Amino acid sequence: MGKFILPLIFVIYGCSLQKIALRTTTPIFETSSDVMMKERNWDVVRESAPANLKFLEVLWENDKSNYRLLSVMIKSYSGYAFSVLETLAFNDEVLGIEDSHWRGMAIDHYTRAFDYGLVYLAHKKITSKDLLANEEDVLIEKLKTLKKEDLTALLYTAQSWASLINLQKSNVALVSQVSKVKALFDRVCELNPGIDGNVCDLFYAQYFVSRPKMLGGDPEKGEKLFIEAIKKYPKNLLMRISYIQYYLIPTIDIEKYEVESKALKEEISTWDNLNRDTLENVSPYKDLQDLNLYNSIAKKRLQIIETNKNKIF
């Protein structure tokens, strides 16, 4: 019997060391997620992210009680789906491709992010039953137990949920869950209104323009929120391209599009011409690096729109 105990001790000790090593390096993965936001080249994100996602999953499989790592994974899957897969799906949508491969891939990655988000929230005593319950007051009260350290996981769980609904608008049961998604965003934005490049402003603008008034939407209010966000954050080009994509294109407003696209082209040109030294040292561009990924998305989506402008308008 004794000859089996020593190897077992080494196995347990080895596993413990592995987990300690993972916990020690988790802050590096959190930082690397922030570094990705500084990437200026959209194609680099497209090509490099998938391998990184699978690597994070391997690490998570070896330490499923590491919720900081889980939070990074939720953000990474949701972020890749939004920045790359949904951009490619938007191109297919513009081209009129109904059975879009990229739309399916976006749904797949958002689903993974959302499922991991459910694991995180369950750890915080918020179950999928709570999320889907008719009594939203109960959900709102439970969300109040979440703290600032939970916001990244909560934000990107909400983002994934919202995007799954947006990509599957024909699914009535799914669309009916939008108010629950808003409850998650409300908690995030209450604790940190400027989180991750002011995505709260973007969510509420898109929320109001994408829903009819009978379901809590208000397109006029949504447009106003978009315009206010563009004025407040003129260097965050995701605000302007989202205004174009989610409001001007659906309303087929070619006159406003010409104005907004011209302004966006000028901002993209300015951003393109800035070298790294300028970005790091010269105001007002020294903080612009954190918007690089957003701006690269805006650039890519504007290229898609301009290429197909005659089909859209």
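Residues numbered from 1 in each chain as written. Predicted model: local features only at pLDDT ≥ 70, side-chain atom pairs only at ≥ 80, totals over all residues. Heavy atoms only, no water.

**Student:** Report on the overall build of the chain, specifying residues and quantitative values.
**Tutor:** Counting its secondary structure elements, the chain contains 16 helices and zero strands. Within the chain, residue pairs in contact and separated by at least 24 positions form 67% of the contacts whose partners lie at least 6 positions apart. By element, 56% of the accessible surface of the chain is carried by carbon and sulfur atoms, the whole surface being about 16,100 Å². (Helix = DSSP H or I, 4+ residues; strand = E, 2+ residues; numbered from the N terminus. Contact = heavy atoms within 4.5 Å. Areas by Shrake-Rupley, 256 points an atom, 1.4 Å probe, with all protein chains shown as cover.)

**Student:** Mind laying out the nonpolar core, listing which residues take part and the relevant values?
**Tutor:** Membership of the largest hydrophobic core comes to 92 residues, with the highest contact counts inside it found for L143, L184, F185, I241, I244 and I305. Among the elements that line this core, the one with the most residues is helix 3 (residues 67-95), at 14 residues. The contacts of F185, once residues within four sequence positions are left out, are L155, A158, Q159, A162, F203 and Y204. (Core = buried A, V, L, I, M, F, W, Y, C linked by side-chain atoms within 4.5 Å. Buried < 20%, exposed > 50% of the residue type's maximum accessible area, 1.4 Å probe, protein only.)

**Student:** Just give me the short version of the state of the cysteines, but keep the residues and values in it.
**Tutor:** For the structure shown, the criterion picks out one disulfide. Paired by a disulfide, C189 and C200 hold their sulfur atoms 2.0 Å apart. With the S-S bond torsion at -100 degrees, the cross-link from C189 to C200 turns out left-handed. One end of the pair, C189, is in helix 9 (residues 178-191); the other, C200, is in helix 10 (residues 195-209), and 11 residues separate them in sequence. Accessibility expressed as a relative area gives 4% for C200, which makes it buried. (Disulfide = S-S within 2.5 Å.)

**Student:** Can you lay out the packing of helix 2 (residues 42-61) against helix 4 (residues 101-123) for me, pointing to particular residues and giving the numbers?
**Tutor:** Here helix 2 crosses helix 4 at 30 degrees, and the two axes come no closer than 14 Å. Considered as vectors, helix 2 and helix 4 are oriented roughly parallel to each other. Along this stretch, helix 2 crosses helix 4, giving a crossing that reads as left-handed. Across from R46, L53, K54, E57 and W60 in helix 2, the residues of helix 4 making contact are W102, H109, R112, Y116 and V119. Its residues assigned to classes, the contact of helix 2 with helix 4 shows five nonpolar, one polar and four charged. (Axes fitted to C-alpha atoms, helices over the stretch in contact; angles between N-to-C directions. Parallel < 35°, antiparallel > 145°, perpendicular 65-115°, else oblique. Left-handed = near helix turned anticlockwise from the far one by under 90°. Nonpolar A, V, L, I, M, F, W, Y, C, P; charged D, E, K, R; others polar.)

**Student:** Kindly report on the environment of K224, identifying the contributing residues and their values.
**Tutor:** Structurally, K224 can be placed in helix 11 (residues 219-232). On the accessibility criterion, K224 (53% relative accessible area) is exposed. Distance in space between the C-alpha atoms of K224 and A205 is 7.8 Å, their sequence separation being 19 residues.

**Student:** Would you mind going over the packing of aromatic side chains in detail, with residue names and values included?
**Tutor:** Scanning the entire structure with this criterion turns up 11 aromatic pairs. In this structure an aromatic cluster arises from ring pairing among F185, F203, Y204, Y207 and F208. Note that R40 overlies the ring of W271, its terminal NZ or CZ placed 4.7 Å from the centroid. Here the guanidinium or amino end of R301 rests over the ring plane of F82, the centre of that ring lying 4.6 Å away. (Phe/Tyr/Trp six-rings, centres within 6.5 Å; stacked < 30°, edge-to-face > 60°. Lys NZ or Arg CZ within 6 Å of the ring centre and 35° of its normal.)

**Student:** Describe the packing of helix 11 against helix 12 (residues 237-248), with residues and values.
**Tutor:** Where helix 11 meets helix 12, the axes come as close as 9 Å, and the angle between the chain directions of the two elements is 160 degrees. Classed by the angle they form, the pair helix 11 and helix 12 counts as roughly antiparallel. At the point where helix 11 passes helix 12, the crossing takes the left-handed sense. Touching P219, E223, F226, I227, A229 and I230 of helix 11 are M239, R240, S242, Y243, Y246 and Y247, all from helix 12. Each residue belonging to the contact of helix 11 with helix 12 can be placed in one class, and the counts come to nine nonpolar, one polar and two charged.

**Student:** I'd love a proper account of the pattern of salt bridges, names of residues and values included.
**Tutor:** For the structure shown, the criterion picks out 16 salt bridges. The shortest N-O distance in the salt bridge between D186 and K182 comes to 3.2 Å. Highlighted residues: D186 and K182, both in helix 9, separated by four residues, approximately one helical turn. With relative accessibility at 30%, the residue D186 sits in the partly exposed group. The partner of K256 in a salt bridge is E223, with the nearest N and O atoms 2.7 Å apart. Note that K256 is positioned in helix 13 (residues 254-273) and E223 in helix 11, a separation of 33 residues in sequence. K256 gets classed as partly exposed once you look at its relative accessible area, which sits at 34%. (Salt bridge = Lys/Arg side-chain N within 4 Å of Asp/Glu carboxyl O.)

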